[in-house]
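# A look at the structure
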Amino acid sequence: MNARKSPLTRRSFLQSTLTLPVALAAAPSLLAPSARASDAPVTADTLPRRQLGKCGPQATMLGMGGMAGSLSPDFLDLAWTMGIRYFDTAKVYMNGQSEKIFGSWLAKYPERRKDVFLVSKDGPKSPEEMLALIDHRLAACSTTYLDAFFIHGIGPREYGEDSLNWPKRDAFKKVAEQLKSSGKVKMVGFSCHDNRLPDYLNAAAEGGFLDMIMLAFNPFYPKDGPLDKALDAAHQAGIGLVAMKTMRNLGDVPKRLPELDKLGLTTRQAVLHAAWSDPRISVVCNLIDNVDQMQSNAAAARSYKAPLKFAHRELLRETILAGRRTMCTGCPGCEASSQKTDFAFHDIARLVTYYEQDGNVQARNYYQALAAGHRDASKVDLAALRDACHFKTDYPEIIRRAEHYFA
């Protein structure tokens, strides 16, 4: 990837998101079960669990992200009731309010802490800085330990080219050992949604000391391709893998398909089943915005019994490819293209996604803050970018929408 400095980073973008009010007083009336897989009863029992890597604990196969506008102690109560025990937050989520909400909830129910798997993240300038940052994250979350502590959104643009070597460096290994021996952290790793994800996975596998990785993931990546091989390497090294952004391409996909109705699944539930069909994935961590989504996600986890058949996975893939996708969650084609141009097509696609799907108007400010060359498509073959993407993300259309929304 070309070295270039840009004011746009995922962490700085997320720092601009605001907490939205949510009225949950009437929530019990919203819990009426819907059809088929959603018939699973609401219960305080935990969801099915999977082991995180070779040496990690059992964690609920569904996790909840901490940047939903509806996040509140009451909303976390509902997640607990539905069996979710894996929760993910970060320093920058919701202008720093996300961690505080988790802290308030844990303070209200201290007996639940031992049953919760809590992740938080920060953006150190080097792995060594994690030793100083951990106390800030613990204070924000009102807890004495984190189940996992991640470098947030690792990638060359934000952390520099040398960060590609951090996961196999002795210096990072010593930091991980110190964090865990202090009792403040149980597992150490990083999150990554960068196009160089396969390189980071391979570096972590080679280093052999990181415990977990949270990665942008969809279940339709090319088999035997760079990502597939990198996932194998990380899994064989005993690293726990947590999927994120799994549902990001489903904005306009039909909610039901007759073939999936026969399985008792909505389209979105089937995508979750497709992700869990990969035995290397321990947890799918979703952004859950409302009670209906929470109920549907939890029902999908309870109803999962066996891998989704190939024909159903292909049906989902073709249905998603036919939709109006706004971002590629990671493929070799986009990775190769990003290293040949300064045009920030991947960032722009992500901003359009946040604007359209999340309603975040701050996306306009971050688009305009990009360097002129990073958003100048006049010398870029957008059709070639689309054709190189394994998921045929329609970059010509996305860039037109970005210019309409943000220019």
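Fair warning: this is a prediction, and the values are worked out from it, not measured in the lab.

A separate point is the packing of helix α16 (residues 362-369) against helix α18 (residues 395-406). Where α16 meets α18, the closest approach of the two axes is 10 Å, and the angle between their N-to-C directions is 105 degrees. Taken together, the axes of α16 and α18 lie roughly perpendicular to each other. Residues Ala 363, Arg 364, Tyr 367 and Gln 368 of α16 pack against Ala 402, Glu 403, Tyr 405 and Phe 406 of α18. Within the contact of α16 with α18, the residues separate by chemical class into five nonpolar, one polar and two charged.

Below, the discussion takes up the side chain of Arg 280. Topologically, Arg 280 is positioned in the loop between α11 (267-276) and β10 (281-286). Within polar-contact distance, the side chain of Arg 280 engages the side chain of Tyr 221 at 2.4 Å. Within the structure, Arg 280 has its side chain in polar contact with the side chain of Asp 278 (distance 3.0 Å). Here Arg 280 is in contact with Tyr 221, Asp 228, Leu 231, Asp 232, His 235 and Leu 241, once residues within four sequence places are set aside.

Let us look at the pattern of salt bridges. Summed over all chains, the structure comprises 24 salt bridges. For the salt bridge of Glu 99 with Arg 137, the shortest nitrogen-to-oxygen distance reads 2.7 Å. Taken together, the positions of Glu 99 in helix α4 (residues 97-108) and Arg 137 in helix α5 (residues 130-141) put the pair 38 residues apart, joining distant regions of the chain. Judged by relative accessible area, Arg 137 falls into the buried class, the value being 7%. Look at the salt bridges and you will find they share partners, linking Asp 228, Asp 232, Asp 278 and Arg 280 into a network.

Further remarks concern the confidence of the model for the protein chain. Chain-level statistics for the protein chain give a pLDDT mean of 86 and a share of 87% at 70 or above. Between residues 1-8, whose pLDDT stays under 50, and residues either more than four places distant or in other chains, the model counts 28 contacts. When the criterion is pLDDT under 50, residues 12-43 qualifies, and its contacts beyond four places in sequence or with other chains add up to 75 contacts.

Taken in spatial order, the eight strands of this closed barrel run β3-β4-β5-β6-β7-β8-β9-β10, and their pairing is parallel. Averaged over all adjacent pairs, the angle separating strand axes in this sheet is 25 degrees, with direction ignored. The sheet contact formed by strand β7 (residues 188-192) and strand β8 (residues 212-216) spans four bridges and is parallel. Residue pairing across strands places Ser 191 opposite Met 214, the latter belonging to β8.

All right, on to the packing of α11 against helix α12 (residues 291-303) then. Look at α11 against α12: their axes get within 9 Å of each other, and the N-to-C directions meet at 45 degrees. In terms of orientation, α11 and α12 fall into the oblique class. For the crossing formed where α11 meets α12, the hand is right-handed. Contacts between α11 and α12 pair Gln 269, Leu 272, His 273 and Trp 276 from the former with Ser 296, Asn 297, Ala 299, Ala 300, Ala 301 and Ser 303 from the latter. Residues that form the contact of α11 with α12 fall into these classes: five nonpolar, five polar and no charged.

Here we come to the environment of Ala 300. With respect to the element layout, Ala 300 can be found in helix α12. Accessibility expressed as a relative area gives 0% for Ala 300, which makes it buried. Each C-alpha atom of the pair Ala 300 and Ala 270 lies 7.8 Å from the other, and the pair is 30 residues apart in sequence.

Another aspect to go through is α12. The terminal C-alpha atoms of α12, which comprises 13 residues, lie 18 Å apart, in line with the 18 Å expected from a rise of 1.5 Å per residue. Counting buried residues along α12, ten of its 13 residues qualify, which places the element largely inside the surrounding structure. Considered for burial, the residues of α12 that qualify are Val 291, Met 294, Gln 295, Ser 296, Asn 297, Ala 298, Ala 299, Ala 300, Ala 301 and Arg 302. The N-terminus of α12 is capped by Asn 290, whose side-chain oxygen sits 3.2 Å from the backbone nitrogen of Asp 292.

Here the focus is the packing of aromatic side chains. Summed over all chains, the structure comprises 15 aromatic pairs. Taking 5.0 Å as the distance between ring centres and 85 degrees as the angle between the ring planes, the aromatic pair formed by Phe 345 and Tyr 395 counts as edge-to-face. Placement of Phe 345 in helix α15 (residues 345-358) and of Tyr 395 in helix α18 is noted, with a sequence separation of 50 residues between them. By relative accessible area, Tyr 395 is classed as buried at 0%. Here a set of aromatic residues connected by ring pairs shows up, and it is made of Trp 80, Phe 87, Phe 102, Trp 105 and Tyr 109. When the ring centre of Trp 80 is taken as reference, the NZ or CZ atom of Arg 85 above it lies at 3.5 Å. When the ring centre of Tyr 109 is taken as origin, the NZ or CZ atom of Arg 112, which lies over that ring, is 3.6 Å away.

Ranked by internal contacts, the top residues of the largest apolar core, which has 109 residues, are Met 64 and Phe 87. Those residues in contact with Phe 87 that lie beyond four places of it in its chain are Met 64, Leu 76, Ala 79, Phe 102, Trp 105, Val 116, Phe 117, Leu 118 and Val 119. Counting residues in each nonpolar core, the second largest holds 14 residues, with Leu 52, Ala 59, Tyr 86 and Val 283 among its members.

The rules behind the values
Residues numbered from 1 in each chain as written. Predicted model: local features only at pLDDT ≥ 70, side-chain atom pairs only at ≥ 80, totals over all residues. Heavy atoms only, no water. Axes fitted to C-alpha atoms, helices over the stretch in contact; angles between N-to-C directions. Helix = DSSP H or I, 4+ residues; strand = E, 2+ residues; numbered from the N terminus. Parallel < 35°, antiparallel > 145°, perpendicular 65-115°, else oblique. Contact = heavy atoms within 4.5 Å. Nonpolar A, V, L, I, M, F, W, Y, C, P; charged D, E, K, R; others polar. Polar contact = N/O pair within 3.5 Å; in protein donor to acceptor, adjacent residues only side chain to side chain. Salt bridge = Lys/Arg side-chain N within 4 Å of Asp/Glu carboxyl O. Buried < 20%, exposed > 50% of the residue type's maximum accessible area, 1.4 Å probe, protein only. pLDDT = per-residue confidence, 0-100. Pairing = 2+ DSSP bridges. Left-handed = near helix turned anticlockwise from the far one by under 90°. Expected span 1.5 Å × (residues − 1). Phe/Tyr/Trp six-rings, centres within 6.5 Å; stacked < 30°, edge-to-face > 60°. Lys NZ or Arg CZ within 6 Å of the ring centre and 35° of its normal. Core = buried A, V, L, I, M, F, W, Y, C linked by side-chain atoms within 4.5 Å.

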